[in-house]
Structure formats: structure tokens, C-alpha cells
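Chain and residue survey
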Amino acid sequence: MAEHSPSMVTLCCENSAFLAAEKTNLPGVKAVKIPCGAQLEHVHILRAFNQGAEGVMVLACLKENCKHSFGNDRAEKKVAYVKGLLKDMGVGEDRLAYAPVAANNEIKYTQAVKEMYEKLKEMGPIEGKVKK
Amino acid sequence: MFAGSNLEKVLSNGHFAVTGELGPMRGTDLGPCLEHAEHMRNHVDAYNITCNQTAVVRIASMAAAIKLVERGMDPVMQMTVRDRNRIMLQADILGGAACGVGNFLCIQGDHQTLGSEPQAKGVYDVDSTQLMRIIKNMRDENVFASGDKLEAPLKAFIGGVVNPFADPFEYRVDRFAKKIEAGVQFVQTQCIYDMDRLKEYMKRVVDKGLHEKCYIMAGITPLKAVGAAMYMKNNVAGIIIPDEIVARLKGAKDKKKEGLKMAIEQIQQIREIEGFKGVHIMAIAWEEMVPHIVEEVGGLLPRPKFD
Amino acid sequence: MIIGERKPLEEVFNRTDSFKKICVLGCETCVAVCLAGGDKEAQETAEAIKMHREQTNNPVEIKASSIQRQCEYEFIDEVMEELKEYDVILSLACGVGVQTMATKVPEMFILPGLNTSFLGYPLEQGVWMENCKACGDCVLDRTYGICPVTRCSKSMMNGPCGGSSEGICEVSKDTECGWALIYDRLKALGKLEYMDEIIPPKNWSTSFHGGPRKIVREDVKIVRGE
Ligand code: SF4
């Protein structure tokens, strides 16, 4: 059986993670620009899943480094909340993660995303989900 | 005489009263409870029957109280306002009195979420202070809470509890005064371990003259084990167990013996404090030790007898 | 305001599983402010149901929408026709909204997506506190602004009970003793004598214990021809 190649979405803050993401090219990963962690809503994460993602990662600025006020902290909390939803749905909370990344640190971005991607590979497709 | 119960006679004749506590069973056999009562028959003046103590379902206090009356013993029927509204509270008072119960002890009751049925609805139609007043009005004015008349008069000796160890401390004595105003005639205290705080409380009580208006009985519970002491210390709101007490128990070879010894000493100590008119021994799950405690305190036997 | 909390997803899924066309309808008043049943939450819930349905291979047509208030007919009117296209409405309003919807659109299935928790206020962002039981006979004048019916776990009128310890209620270490609060407040206001007054048994017939309540005010009723 061929190895499963999951599709993954990264929701990246335009002030940090997205600038790093732009410098990378990771197969199977789609980086989506968000204006700030504070602007992220629970529904955006769920939508990513509903539109085919098998894993989502939210990446915002480093601690204490939000361009606005605590957008990164808020994003982290929202991720924690949606993890709860995913758990309740039987999708599993491990398909969602949060990481802080600086604008100039594509290495860390790559590392974090790759790590998550490997996990998704191991997990395989979302159970019950009809592959589009 | 308000009820003419043995307890009332003992107290009103100026004797230092002794009562014991009995917890009814969690099944239909009241046997062990009655055995405990028999066992302490010559050592106590009356028997408190707890009312779903710690919010755990048990044989109703009225049922056990009536059984004691049948045996010629004087029950103190506890009534929490947690599980009954004013209709049922008054009905139970009538029922108890009709069957010879004379002492009614009004308590608020531990919150239902802390007991055996944490999903239960708490009633709290009236509070314990209001219940005292209701009984007083039934007895003295011959009226129910609604103002309707009783068809036959009620005799009742009204009891309550006070807790010197709860907060706000500075309000506790005023709260006691309020209960006296509401109609309480005798009170038992929460389990005493902190003598310093107790003395301060009693000083204030005596300064206000409350000990002249209401019989105050000291609540004593012997400690059986270090674990139990620690549990009460940390988890039971409104009980203070000083570290020295725990240390003393810890240091003892025979914990049970030491626990009993401390209880005996505590009773001897409270007899020295102005204002106390009796002792209430709550030997929870250790009822068989009540006679021993009473004997060892000294000077408490024989219990007065009345015809 | 009315404070609510989302029902567990599993319960929502179980209740809605048999319907093919679902409208998740938020309410933009109280429950939106307490972040439980507004437009955002409606969208989120719809998305979650969609995801669950895909997983269980039980496709659904679902839409999230919201109106200003589900507890008033005139706001429901605005979306009435549109609602009728769905098999079921999962209402994220409080119990009042759900029932108003059910009365207004009697031919439709209306399901609650929230548990209506209590009447309260936001203590701080993310923390809500109950402080009124709508007992119909306010006693706040006696206690100068702290409700014994609501803030005392045993609704005592003459508290505090013996379980009050260092300002904390016996029920839980996270619950303040309402009567300790009242005492402190009366003390600060120089009104401690209020603590000495025996408050008589409360008249509960004005609360739910008198049966479901209704208020009729002739002065504001609209009479025909007026
Ligand atoms: S501790 Fe305070 S709030 Fe709790 S039941 Fe007792 S009086 Fe009421």
C-alpha cells in the first residue's frame, strides 16, 4: 500500500509565520495568511478540516511579540478550545497544533510543520472521512 | 415546662446535661442504632437522632425518635431544612409530638451536593432560624406558619446548633442571639477542638448574657485516627482542628486510646468554662465508647432521674 | 443577562443526526454576549456538525445564521420564510428563545443547542457569575445589593450557616459565602444592625413555586382602536 500523503493547512499570522512560510515549499502543506492570531475564529479551523485538511497548524508570533495585543496568546487558547471540539467529534485533538514562529525563522517553521506532517502520516486519514 | 422532656427537666433543674448522638442506618434495620441507645441508657439524658446527616440518606429521624420514645428514652429529633418545605417540617413536628417526641433540634443541614445524592434538589424553603420561630409560634401562639390554628396544642423544647468555629467569627455570637430571639432554648456546638477560639467565643456569649437565655451544650467528638482528623481538618468546613491536636494523636502509640483521652480532657476543660450547661457527645461510628467517656470524665454519674 | 453554555457536541449530534437540512440559528442578544450562542458560535456549530456528518457518511445540508432576538416574534418574522426550507432548527438561543421559536413556527422541529445556565453577569472576560434567581420578590433592599437567595448556596435568609469558613462556602473552595459577602458589605456601609433582624420565611409563590409566571399590564396593552 502506498504511503498516505496527508493534506495539511497552516494558518499563519501575516506578521510572522506567514513571512517564514513564504520562503518554504513543503509538499502537501498549504499556508493560509491570517491578519493576526486575534482574528482567528474557531470556525476557521473547522472549515479547514471541512475543506479537506487532515491536520491544521496555527502559527503566530513569538510570546510577547504580537504586533497587536496578545493575538498570539489568544490564538493558542482558541486552538486549545477547538482541540476539545475535535476530541468530542472523535477526530482527535492531535490533528491540530499551535506553534510560535518568528518572521525570519523559516527553519523553525519548516521543522514544526514537518514534525506535524510526519505525525499526520502516522495517523493516516481521518477515520470515517470520505476522501474527496 | 415547655415539653416536659427528660432533657428539659435535667437542664431546667440545673444539672449538667449529657447527650449522645445516634445516626440511623442506611437500610431498614434500626437494630444497631437502638442497641447503641440501650448501651448508653444510664449514661446520657437524651439521644440526638441525626437527620440525613452529612446529606446522606438514612432512616428518617422521626422514625428512630419514635422507637426511642417507645423504649422510654428521650430523643432529640433533628430536623434539617434542606430536605423538607414548611408543609412537611410542620407535619413532622406534629407527627413527632403526637408520638411523644419533645425535643426538636433545628439545623440547616450540610449542602446536598456534599452527600449521597449530589443531584438532589435542595429545598431550603425556610432556614433554621425561621424554623425555630415557626415551632415557637406553633407552641406559644398555637399557629402554623400560615397563621392557621393548630387543632391541639404543641409541646416542644426547641433546640439548635451554634458553630464558634465558622466565620465571620465576630458575627457568630450575634447570630446566636438572633436564634435565641427566634425561639431556640438549647443549643449544641459544633465539634470542639480549638479551645482558644472556644474560650473567646464563650467569653463574648457570657458578656452578652446569652448563657442565661439558652442552655449551651459543648459538642465533643473523639478522634479515632490521624486520617480522620486530617480529613476533618482539611475538608469539613466549619471545623477547626489545631495542629497540636493532630501532632498529639500522631505521637501516640495507641491512637484510639489517645483520641478518647483527649475527648475526656476536653469535657473536663469545658466544664471549667463559664456558660456551658451540658455536653453533647458525638462519637460518630464509635457510639459504644460513650459510656466509657462519661465514666472517665468523672462527676457525671449517676444521671439524674425524674418521675 | 441570560447566560448559556453550548451543549456537548455529542448530544447535539445525536439529536440532529436524523435531519437532512439543518439551520443553526444564533441569537445576537444575551447568549451572543456570553459567547455561547451568537453568530460566531452558530457558524462554529454548523461546521462541527458538517464535519461529523462527513465522518459518519451522513451528508447534510446545513446553514448557519442568526437573528437579533429569538425571544420576540418580530425578529423571527424576518426569517420565517427562509426557516421553513429546513427540516430542523438548531436554536442557539436561551430556553426563552427556543420556546418562542417553537410557538411562532409550530410546524417545525426546534432543538436547543445550548443549556440555559442562569441569570448573571460577566465577572471578567471568560468568567460568568450567577446573581439573580428571578424569585419575584426582591430582597436586595435588606442586604444592600447582594442576593442571599442566589449567592447563598442554601438560599438562607438568616445566614451564614456553620459551613462558612474564611469567606468560603462549604459547597466548594471556589464558591464565596454569600452571607460573608453580605456581612462585609453591611459592615462597610455601617448597617450591621440589619444582620440582627430575623427575616421571616420568604414568600416563594412569586417565584416559580407559584407555577409559571405571567405579567399582565393593562396600561401598556394595545387595545383595538387606540
Ligand atoms: S457557607 Fe455561606 S453561602 Fe454557603 S450555604 Fe452557608 S451561608 Fe450559604
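Everything numeric here is computed off the predicted structure, so don't read it as measured data.

**Focus: the environment of Val206(B)**
Residue and element names in this part refer to chain B. Counting through the fold element by element, Val206 comes out in helix α7 (residues 195–207). Judged by its relative accessible area of 17%, Val206 is buried. When the C-alpha positions of Val206 and Glu274 are compared, they lie 7.3 Å apart, and in sequence the two are 68 residues distant. When residues no more than four places from it in sequence are discounted, the contact partners of Val206 are His211, Glu274 and Gly275.

**Observations regarding the nonpolar core**
Judged by nonpolar contacts, the single largest core of 74 residues is most densely connected at Phe176(B) and Phe276(B). For Phe176(B), the contacting residues outside a window of four places in its chain are Val162(B), Val187(B), Tyr201(B), Val205(B), Leu210(B), Cys214(B) and Ile216(B). Leu11(A), Ile22(C), Ala46(C) and Cys94(C) belong to the second-largest nonpolar core, a separate cluster that totals 50 residues.

**Some points on the sheet that holds strand β7 (residues 127–132) of chain C**
Residues and elements named next belong to chain C. Across the sheet, which stays open at both edges, the three strands sit in the order β1-β6-β7 with antiparallel pairing between neighbours. The open sheet terminates on both sides in strands that have one partner only, identified here as β1 (2–6) and β7. Strand-to-strand twist in this sheet, taken as the mean axis angle between neighbours without regard to direction, amounts to 70°. Pairing of strand β6 (residues 114–124) with β7 involves five bridges; the strand directions are antiparallel. Across the sheet, residue Leu119 finds its bridge partner in β7, namely Cys132.

**Some details on the arrangement of the chains**
When the two pairs of chains in contact are ranked by number of contacts, first place goes to chains B and C. A minimum C-alpha distance of 24 Å separates chain A and chain B, which share no contact.

**Here's the deal with unusual backbone geometry**
Here the residue pair Asp167(B) and Pro168(B) is connected by a cis peptide bond, since its omega of -10° sits within 30 degrees of zero. Among the structural elements, Pro168(B) can be located in the loop between β5 (157–162) and α6 (169–182). Put simply, Leu301(B) and Pro302(B) share a cis peptide bond, and its omega is -5°. If you trace the backbone, Pro302(B) turns up in the segment after α11 (290–297). Positioned with a positive phi, Ala55(B) is a non-glycine residue whose angle comes to about 60°. Structurally, Ala55(B) is set in the loop between β2 (46–49) and α3 (61–70). Within the chain, Ser155(C) stands out as a residue other than glycine whose phi angle is a positive 45°. Looking at the secondary structure, you find Ser155(C) in the loop between α8 (148–151) and α9 (178–188). Ser155(C) gets classed as buried once you look at its relative accessible area, which sits at 14%.

**Examining the pattern of salt bridges**
Scanning the model with the defined rule gives 37 salt bridges over all chains in all. For Arg82(B), the salt bridge goes to Asp83(B), with nearest N and O atoms at 2.7 Å. Residue Glu81(C) pairs with Lys84(C) through a salt bridge whose shortest N-O separation is 3.9 Å. Linked by salt bridges that have partners in common, Arg47(A), Glu47(C) and Lys50(C) make up one network.

**Comments concerning the domain arrangement of chain C**
One widely used convention gives an interface's size as the accessible area the parts lose upon coming together. Split into domains, chain C comes out as domain 1 (2–118) and domain 2 (134–206). For domain 1 of chain C and domain 2 of chain C, the distance between their C-alpha centroids amounts to 37 Å.

**Here we look at the environment of Leu92(C)**
All names here are of chain C. By secondary structure assignment, the location of Leu92 is in the loop between β4 (88–91) and α6 (95–104). Judged by relative accessible area, Leu92 falls into the buried class, the value being 0%. C-alpha separation for the pair Leu92 and Thr116, spaced 24 residues apart in sequence, amounts to 9.6 Å. Residue contacts for Leu92: discarding those within four places in its chain leaves Val24, Leu25, Gly26, Val31, Ala36, Gly37, Glu41, Ala42, Thr45, Gln70, Gly113 and Leu114.

**Overview of the interface of chain B and chain C**
Facing the 30 residues of chain B at the interface are 27 residues of chain C. The contact between chain B and chain C buries some 2,400 Å² in all, and 53% of this surface belongs to carbon and sulfur atoms. When the area that chain B buries against chain C is broken down by residue, the three leading residues are Gln130(B), Tyr171(B) and Lys178(B), summing to 22%. Here Glu170(B) makes a salt bridge to Lys187(C), at a shortest N to O gap of 2.5 Å. At the level of elements, α5 (128–141) and α6 of chain B are the ones that each hand at least two residues to the side of chain B that touches chain C. Of the residues forming the side of chain B that touches chain C, the biggest block, eight residues, is contributed by α6(B).

**Considering the site of the ligand**
Of all residues adjacent to the ligand, which total 13 residues, the nearest are Cys152(C), Cys161(C), Cys169(C), Cys177(C) and Gly178(C). Partitioning the shell around the ligand into residue classes produces six nonpolar, four polar and three charged.

**Structural notes on the interface of chain A and chain C**
Between chain A and chain C, the residue contacts involve 20 residues of the former and 13 residues of the latter. Across the interface of chain A and chain C, roughly 1,600 Å² is buried in total on both sides, 53% from carbon and sulfur atoms. On the chain A side of the interface with chain C, the three residues burying the most area are Val43(A), Asn50(A) and Met89(A), jointly 34% of the side's total. Summed over the shared surface of chain A and chain C, the result is two salt bridges. For the pair chain A and chain C, the number of links is eight residue pairs in polar contact (both at pLDDT 80 or more). Contributions of two or more residues to the side of chain A that touches chain C are made by α2 (42–50) and α3 (71–89) of chain A. Residue composition of the side of chain A that touches chain C, grouped by class: 10 nonpolar, four polar and six charged.

Rules and cut-offs
Residues numbered from 1 in each chain as written. Chains lettered and ligands numbered in written order. Predicted model: local features only at pLDDT ≥ 70, side-chain atom pairs only at ≥ 80, totals over all residues. Heavy atoms only, no water. Helix = DSSP H or I, 4+ residues; strand = E, 2+ residues; numbered from the N terminus. Buried < 20%, exposed > 50% of the residue type's maximum accessible area, 1.4 Å probe, protein only. Contact = heavy atoms within 4.5 Å. Core = buried A, V, L, I, M, F, W, Y, C linked by side-chain atoms within 4.5 Å. Pairing = 2+ DSSP bridges. Axes fitted to C-alpha atoms, helices over the stretch in contact; angles between N-to-C directions. Salt bridge = Lys/Arg side-chain N within 4 Å of Asp/Glu carboxyl O. Domains from an automatic or database assignment. Buried area = accessible area lost by both parts, 1.4 Å probe. Near = heavy atom within 4 Å. Nonpolar A, V, L, I, M, F, W, Y, C, P; charged D, E, K, R; others polar. Polar contact = N/O pair within 3.5 Å; in protein donor to acceptor, adjacent residues only side chain to side chain.

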